[in-house]
Amino acid sequence: MNSAKNPEHDESDSSARGSRRLWPWMAVLATVIAAILCATGLRLFVLDVYTVSQVSMAPTLADSERILVQKDYPGENGPQRGDVIVFDGEGSFTPYEGNESALTQISARIGYWFGLSAPSATYVKRVLGVSGDVVACCDASGALTINGEPLDEPYLGREIGPGDPASELDFEVEVPEGRIWVMGDNREESVDSRALLGAPGGGMISDDRILGRVSGVFWPWNERRDIQEDGHQQQ
């Protein structure tokens, strides 16, 4: 004689089988979420990734190279002369880019997260003057001077002289407290502090706009290299 089936027992077995099938997917989802949170924390507070989308820092950095940016900069010591930094140019450099649609801005943010592009208001330049410095160009030898002393700039990749000065534009500025004077290494192709001398702020970037210091290039792989704290490259 066949025994009658227990509906409650069948439902319990079905639920257990469903839970066993669901568990691997839940574990995968939890792993993915944990990885995203870790990556987000790393990029927010430790080391971020940006894509160079300009030629103003050649030959130090090339267009489309992907760079590593230390987020703990400038720290207690403040920004240092010679450092290559990434900063938010909104309110200072941004007007040179023109107005962009919301869709373009969203696309840029997505591209930035995946290391494919950089937000349009983000710039990479070299710190040449910090609070209290008098930055001038150029002296009789064609060199840029800091507080009256000529600056050696091997990262320019060219010989500085009276006929080929460090900047075609003559200027002399004193950097106020809490601000920096920045320039690109590719002086002829760089929109930097020099181009903003007549704008509010006089071409100076506020320290709180700094996003981090460039510590190295990691892509393309065959071009990977460190950028030392003095701004020089190390293969």
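Presented here is an overview of the structure given in this document.

Conventions used here
Residues numbered from 1 in each chain as written. Predicted model: local features only at pLDDT ≥ 70, side-chain atom pairs only at ≥ 80, totals over all residues. Heavy atoms only, no water. Helix = DSSP H or I, 4+ residues; strand = E, 2+ residues; numbered from the N terminus. Buried < 20%, exposed > 50% of the residue type's maximum accessible area, 1.4 Å probe, protein only. Contact = heavy atoms within 4.5 Å. Areas by Shrake-Rupley, 256 points an atom, 1.4 Å probe, with all protein chains shown as cover. Disulfide = S-S within 2.5 Å. Salt bridge = Lys/Arg side-chain N within 4 Å of Asp/Glu carboxyl O. Core = buried A, V, L, I, M, F, W, Y, C linked by side-chain atoms within 4.5 Å. Pairing = 2+ DSSP bridges.

## Digging into the overall build of the protein
Consideration 1: If you tally the helices and strands in the protein, you get 2 helices and 13 strands.
Consideration 2: Burial analysis of the protein (235 residues in total) assigns 37% to the buried set.
Consideration 3: Considering only residue pairs separated by 6 or more positions, the protein has 66% of its internal contacts joining residues 24 or more positions apart.
Consideration 4: Summed over its atoms, the accessible surface of the protein is roughly 13800 Å², and 55% of this surface lies on carbon and sulfur atoms.

## Section: the state of the cysteines
Consideration 1: All told, the structure shown has 1 disulfide when counted by the stated rule.
Consideration 2: Between Cys137 and Cys138 runs a disulfide, and the two sulfur atoms are separated by 1.8 Å. Torsion about the S-S bond of the Cys137 and Cys138 cystine: about 50 degrees, corresponding to right-handed handedness.
Consideration 3: Relative accessible area serves as the criterion here: at 5%, Cys137 is assigned to the buried category.
Consideration 4: Note on Cys138: relative accessible area 25%, which makes it partly exposed.

## Some points on the pattern of salt bridges
Consideration 1: Under the counting rule described, the total for this entry stands at 7 salt bridges.
Consideration 2: Here Arg225 makes a salt bridge to Glu65, at a shortest N to O gap of 2.9 Å. You can see Arg225 sitting in strand 12 (residues 225-227) and its partner Glu65 sitting in the loop between strand 1 (47-51) and strand 2 (66-70), a full 160 residues away along the chain. Taken individually, Arg225 and Glu65 each receive the classification buried, so the pair is uniform in this respect.
Consideration 3: The salt bridge partner of Asp88 is Arg209, with a shortest N-O separation of 3.0 Å. Placement of the pair is Asp88 in strand 3 (residues 84-88) and Arg209 in the loop between strand 10 (205-206) and strand 11 (210-219), with a sequence separation of 121 residues.
Consideration 4: What makes Arg209 partly exposed here is its relative accessible area of 31%.

## Side note on the nonpolar core
Grouped burial of nonpolar side chains is what soluble globular proteins tend to show.
Consideration 1: Ranked by size, the top nonpolar core spans 14 residues in total, and within it Leu128, Val135, Leu144, Phe171, Val173, Trp181 and Met183 carry the most contacts.
Consideration 2: Listed by contribution, the elements that provide at least two residues to this core are strand 5 (134-137), strand 8 (171-174) and strand 9 (179-183).
Consideration 3: When near neighbours in sequence (up to four residues on either side) are disregarded, Phe171 contacts Val135, Ala136, Cys137, Leu144, Trp181, Met183, Arg194 and Leu197.

## Some words on the sheet that holds strand 6 (residues 145-146)
Sheet strands pair via backbone hydrogen bonds, and the direction of the pair is either parallel or antiparallel.
Consideration 1: One open sheet accounts for 4 strands, arranged 7-6-5-8; its pairing is antiparallel. Only two strands of the sheet have a single partner each, and these edge strands are strand 7 (149-150) and strand 8.
Consideration 2: Pairing of strand 5 with strand 8, which is carried by 4 bridges, proceeds in the antiparallel orientation. Considered in strand 8, the bridge of Val134 is made with Glu174.

## As for the environment of Glu188
Consideration 1: Relative to the elements of secondary structure, Glu188 occurs in the loop between strand 9 and strand 10.
Consideration 2: Considered as a pair, Glu188 and Glu168 are 20 residues apart in the sequence and their alpha carbons are 7.8 Å apart.

## Digging into unusual backbone geometry
Negative phi values dominate among residues other than glycine, just as trans dominates among peptide bonds.
Consideration 1: A cis amide bond links Cys137 to the next residue, Cys138, at an omega of 0 degrees.
Consideration 2: Looking at the secondary structure, you find Cys138 in the loop between strand 5 and strand 6.
Consideration 3: Put simply, Trp219 and Pro220 share a cis peptide bond, and its omega is 5 degrees.
Consideration 4: Summarising the element assignment, Pro220 is placed in the loop between strand 11 and strand 12.
Consideration 5: A positive phi angle is found at Asn147, which is not glycine, with a value near 55 degrees.
Consideration 6: Residue position: Asn147 is located in the loop between strand 6 and strand 7.
Consideration 7: For Asn147, a relative accessible area of 42% gives the class partly exposed.

Geometry only, nothing functional implied.
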